[in-house]
Amino acid sequence: MGIGDDPPGRVAERPCYPRRPMRLIVTEKNNSAKKIADILGRGGAKADKTFKVPFYTWTDENGAEQMTIGLKGHVLGPAFPEGYSNWQKTDLHDLIDAELIKEPTDKNVVKAIKKVAKEADELVIATDFDREGELIGLEALEEMLDANPGLGTREEASQGALRIKRARYSALTKEEIERAFDQLDELSYPLANAGAARQDIDLLWGATLTRAVSLATRRFGSNFLSVGRVQSPTLGLVVERELERRAHVAKPFWELFAKFQHPDGSFEAHHATDKFWEKAEADAALAGTSSPGTVKSVTARKNTRKPPTPLNTTAFTTDASSRLGITPASAMRIAEDLYMDGFISYPRTDNTVYPVSLPVRELIASLVRVNEFSAAAGLLESGELKPTRGKKETTDHPPIYPTQAIHPGALEGPKKRVYELVVRRFLATFSPPMITESTRADIEAGSETYFVRGSVVVDPGFAAIYTYARSSDEEIPALKEGQSLELDGEPWLLDKETQPPSRISQGKLIEMMEERGLGTKATRADIIQKLYDRGYVYSNPPIPSETGVAMYDAFRKYVPRMATAEMTAQLEAEMDRIAGGEMTKGQVVGDSRDLLHKTWTEIDGSREDLAKVVWKGMDEDRILGPCKVCEEAGRTKEDGSPNMLRIIRAKKSGKRFVGCSGWTADDPESCDQTFPLPQRGDVFRLEDRCSVCDQTPRLKVVPFRGRPWNLCLNDDCESMQEMKRRRAEREAAKAAKAAMEEKPPPDKPSTATRKRKRAKTTVK
Ligand SMILES: [Zn+2]
Ligand SMILES: [Zn+2]
């Protein structure tokens, strides 16, 4: 049987009336379906909807029908079959061995693709070009084959017998889309299966361990304690740093300064000894300093700073976090929007080397025509454009680059700043290094030596366009060797102490996850968000809650496998082997189930001890912060420590509220501060003193449904007033919309129309 022949037995299922062949293109999101229809249909595509899902159709120059339809990412996911939902009655060993099923996560989209697939003669999978996209494409494909057996069977497809096409593109631009559809490829099953293995394993580990820990600690229903294969070791990174901070013992040291007079104005100099660890030595150095000082040496050195490397996902989120103060999760959301708009290339990439095929000269020429980026115009005058290279080179996607020159003013808020960052970084990678000159002068005063250091930018190089990296000038007066300088006043000592290691920023955390093979470029930001949503961390940079610390502590003691990155890194390696065809999904998931049986047995054996550790942490999290009323009244606990506001559950009603530890039933003078709390959902400490009003603790409320919100206990706080205003506005808008949509009865025009009619008559 040759390619193109109909397999026997299926001919009858084809429609028997003559019609034009239809090619169905399936994308990952509606935006990309629309964009591809715009590009391939040359603006002539028509939009329609089925089961509320938009699709786009046009007739190509050969008279064939074309259609694009967008998914909503994964529209199916692995799930446990019926019979495993009762937490108390299900044996976890059975749960681990359960045969997983695929369940639609968006029923309308599944119905829609099945319906349009019935009309299709040819399929093109045009989901995002990565492991996840391959899997999303495969999930959709299997549903479509079920709906239209004329296209083939799942088995034939999995053996590569069906010529299901795959469009792989890295940017939603005309050139890139046309190229991808000229060079259609085939779906990669190993790649999709690697993604599927991860999904199955995450579900099995997540469900089993979450149940195991929640059962051990007797936290049921919505109060469950979430545990995850990647989530728990990530929490470990944050907690480890916090424990280092707590273990830190501050060590005192002294620094010595002197001020010298100079015709250009007095300046400060630092003693040549960086830190004095003994007070006596510092005092001796201070006593040994006398006026005037003499400049002993002046040395100048040129420093060269290399331009940055091309952006991959990790570098991008780090940059967005450190340069723009945008969290990794938001930065990725914004980057995806910009990608969907066709302004930047695909933002999920590990690559840090531009492919040779990238038309860099044209791109730079169009970018520097935009006013904001004209500082890089000089690049075009140099003969060869030579970009920097990072360490990682992959062939799937290019590094993140701007695909289109647009005026940043056309964008708004953070979107504008992120686009600018991508453009500036791109231009910087072709730019010369930044040259600075630093000068150091040593001044002898009595028996002691002081120094002063300055630095000026001689040539900004790449920093002229990548302005975030430009170092500020620190100028010092012109000094000559042998010059005599009078002291300006007495020298002075500063007492300082060593600081604990700083907390890990979200950007840095993503970098650390990457180094340890925790998560993927597609999931890292979401995993950090989950730690916030479950109350294991709060604030920014993330600080672990006591529950978070306790969870990690319990794992380290009783299930060390869950506390470290090792297991997960090994899984990542196996995933690569599935993608490379060296292992099957069945083998990898099977091995993982074995390990999970062992892990559950370990937890089960130590459940009492584990629970005690976790309970203690949760108990401490009920303490929200010192009571300001007591503080101002000078009331403390007997040991002098402050009275604390904490979450209390009323014995009779079971309702929770916030009360002060300074309250005692038989003392009418004691603190009777109380604050109501929402009774549903989880509450976590956000700040022990609200950063807006500085009066009371501030909490995060995570409702069962809907988005988490911040609650300041102080009702008069500006943040709460603001929230109430916004809520009222939303409700007013909703009411107005409802009124608009209310249809008038068929024979009687609505008041609004009647009024309009009357108005018209009056004008006449
Ligand atoms: Zn109080
Ligand atoms: Zn407040």
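Below or above, wherever it landed, is the structure these notes cover. (Residues numbered from 1 in each chain as written. Chains lettered and ligands numbered in written order. Predicted model: local features only at pLDDT ≥ 70, side-chain atom pairs only at ≥ 80, totals over all residues. Heavy atoms only, no water.)

## Things to note about the overall build of the chain
Basically, it comes down to this: A run of H or I in DSSP counts as a helix once it spans at least four residues, and a run of E counts as a strand once it spans at least two, with each numbered from the N terminus. Buried residues are those whose accessible area, probed at 1.4 Å on protein chains only, stays under 20% of the maximum for their type, while exposed residues exceed 50% and partly exposed ones sit between those limits. What makes two residues a contact is simply this: any of their non-hydrogen atoms within 4.5 Å. Shrake-Rupley sampling with a 1.4 Å probe provides the accessible areas, and residues are treated as covered by the protein chains on show and by no other component. Counted as positive: Lys and Arg. Counted as negative: Asp and Glu, with His and the chain ends omitted from the count. By convention, the point assigned to a charge is CZ for Arg, NZ for Lys, CD for Glu and CG for Asp.
Assigned secondary structure in the chain consists of 23 helices and 25 strands. Seen along its three principal axes, the alpha-carbon backbone of the chain occupies a region of about 105 × 85 × 80 Å. Buried residues in the chain amount to 48% of all 764 residues. Within the chain, residue pairs in contact and separated by at least 24 positions form 69% of the contacts whose partners lie at least 6 positions apart. Surface accessibility of the chain: about 39300 Å² in total, with carbon and sulfur atoms responsible for 49%. Averaging the locations of the 114 positively and 116 negatively charged side chains of the chain gives two centres separated by 6 Å.

## Regarding the coordination of the zinc ion (ligand 2)
Quick reminder of the rule: Distances up to 2.8 Å from the metal define which N, O and S atoms are donors, and 3.2 Å serves for Na, K and Ca; water is absent from the atom set, so sites may look incomplete. Square planar and octahedral assignments, for four and six donors respectively, both demand that opposite donors be over 155 degrees apart and that all other angles lie between 65 and 115; tetrahedral needs four donors with all angles between 85 and 135 degrees, and anything else is irregular.
Protein-derived coordination of the zinc ion (ligand 2) comes from Cys-690 (SG), Cys-693 (SG), Cys-712 (SG) and Cys-717 (SG), at a distance range of 2.3 Å. Its four donor atoms give the zinc ion (ligand 2) angles of 104 to 115° at the centre, a pattern that matches the tetrahedral case. Every donor residue of the zinc ion (ligand 2) comes from the same chain, spaced as C-x2-C-x18-C-x4-C. Here the residue Cys-693 occupies a position in the loop between strand 23 (682–687) and strand 24 (698–702), and Cys-712 occupies one in strand 25 (residues 709–712), the gap between them amounting to 19 residues. Here the two residues Cys-693 and Cys-712 agree in accessibility, since each one is buried.

## Observations regarding the side chain of Arg-211
Here Arg-211 shows up in helix 7 (residues 189–216). If near-sequence neighbours (up to four positions away) are discounted, Arg-211 is found in contact with Tyr-84, Ser-85, Asn-86, Trp-87, Thr-90, Leu-92 and Leu-95.

## Things to note about the side chain of Ser-431
Heads up, the rule is: The term polar contact refers here to a pair of N or O atoms within 3.5 Å; inside protein, the definition further demands a hydrogen-donor-capable atom paired with an acceptor-capable atom, and it admits residues adjacent in sequence only when both atoms are side-chain atoms.
If you trace the backbone, Ser-431 turns up in the loop between helix 13 (413–428) and strand 13 (434–445). Separated by 2.8 Å, the side chain of Ser-431 and the backbone oxygen of Leu-427 make a polar contact. If near-sequence neighbours (up to four positions away) are discounted, Ser-431 is found in contact with Pro-307, Leu-379, Phe-462 and Ile-465.

## Things to note about the coordination of the zinc ion (ligand 1)
Six octahedrally arranged donors around a metal ideally form angles of 90 or 180 degrees; four tetrahedrally arranged donors ideally form angles of 109.5 degrees. Bound to the zinc ion (ligand 1) are the protein donor atoms Cys-627 (SG), Cys-630 (SG), Cys-660 (SG) and Cys-671 (SG), situated 2.3 Å from the metal. Geometry at the zinc ion (ligand 1) is tetrahedral, judged from the four donor atoms that bind it and their angles of 104 to 114° at the metal. Mapped onto the sequence, the residues coordinating the zinc ion (ligand 1) show the spacing C-x2-C-x29-C-x10-C. Here Cys-671 lies in the loop between strand 21 (656–660) and strand 22 (674–676) and Cys-660 lies in strand 21, a separation of eleven residues in the sequence. On the accessibility criterion, Cys-660 (5% relative accessible area) is buried.

## Section: the packing of helix 14 (residues 506–515) against helix 15 (residues 524–533)
The following threshold applies: Angles shown run from 0 to 180 degrees and are taken between the N-to-C directions of axes, each axis being a line fitted to C-alpha atoms and, for helices, limited to the stretch in contact. Angle categories: roughly parallel below 35 degrees, roughly antiparallel above 145, roughly perpendicular from 65 to 115, and oblique for all the rest. Each crossing gets its hand from how the near helix is turned against the far one by less than a right angle, where anticlockwise is left-handed and clockwise is right-handed.
The contact between helix 14 and helix 15 brings their axes to 10 Å, and the two run at 120°. With respect to each other, helix 14 and helix 15 are oriented oblique. Taken as a pair, helix 14 and helix 15 cross one another with a handedness that is right-handed. Contacts between helix 14 and helix 15 involve Gln-506, Leu-509, Ile-510, Met-513 and Glu-514 from the former and Arg-524, Ala-525, Ile-527, Ile-528 and Tyr-532 from the latter.

## Quick word on the packing of aromatic side chains
Short version of the rule: Between rings of Phe, Tyr and Trp, where Trp is taken as its six-membered ring, a pair exists when centres lie within 6.5 Å; planes separated by under 30 degrees are stacked, by over 60 edge-to-face, and by other angles tilted. Counted as over-ring charges are cases with an Arg CZ or a Lys NZ within 6 Å of the ring centre that also lie within 35 degrees of the ring normal.
Per the stated rule, a full pass over the model turns up 13 aromatic pairs. Measuring from centroid to centroid gives 6.1 Å for Phe-260 and Tyr-450, while their planes differ by 75°, and the two rings are edge-to-face. Here the residue Phe-260 occupies a position in strand 10 (residues 252–260), and Tyr-450 occupies one in strand 14 (residues 448–459), the gap between them amounting to 190 residues. Since its relative accessible area comes to 0%, Phe-260 is described here as buried. With a relative accessible area of 0%, Tyr-450 lands in the buried category. Ring geometry for Phe-426 against Phe-430: centres 5.2 Å apart, planes inclined by 70°, an arrangement best described as edge-to-face. The burial state of Phe-426 is the same as that of Phe-430; both residues are buried. An aromatic cluster of three or more residues is present, and its members are Tyr-354, Tyr-401, Phe-426 and Phe-430. The ring of Trp-277 has Lys-251 sitting right over it, with the charged end atom 4.4 Å from the ring centre. In this arrangement the basic side chain of Arg-440 is found over the ring face of Phe-451, its NZ or CZ atom lying 4.2 Å from the centre.

## Looking at the environment of Asp-130
Following the sequence through the fold, Asp-130 ends up in the loop between strand 7 (122–126) and helix 4 (131–147). By relative accessible area, Asp-130 is classed as buried at 8%. Here the alpha-carbon distance between Asp-130 and Asp-604, two residues 474 residues apart in the chain, equals 39 Å.

## Examining unusual backbone geometry
Cis geometry is adopted by the peptide bond preceding Pro-292, which originates at Ser-291 and carries an omega value of -5°. Mapped onto the fold, Pro-292 is located in the loop between helix 9 (279–287) and strand 12 (293–305). Put simply, Asn-540 and Pro-541 share a cis peptide bond, and its omega is 0°. Position of Pro-541 among the secondary structure elements: in the loop between strand 17 (537–538) and strand 18 (543–544). Although it is not a glycine, Arg-42 sits at a positive phi angle of roughly 45°. Within the element layout of this structure, Arg-42 appears in the loop between helix 1 (30–40) and strand 2 (46–50).

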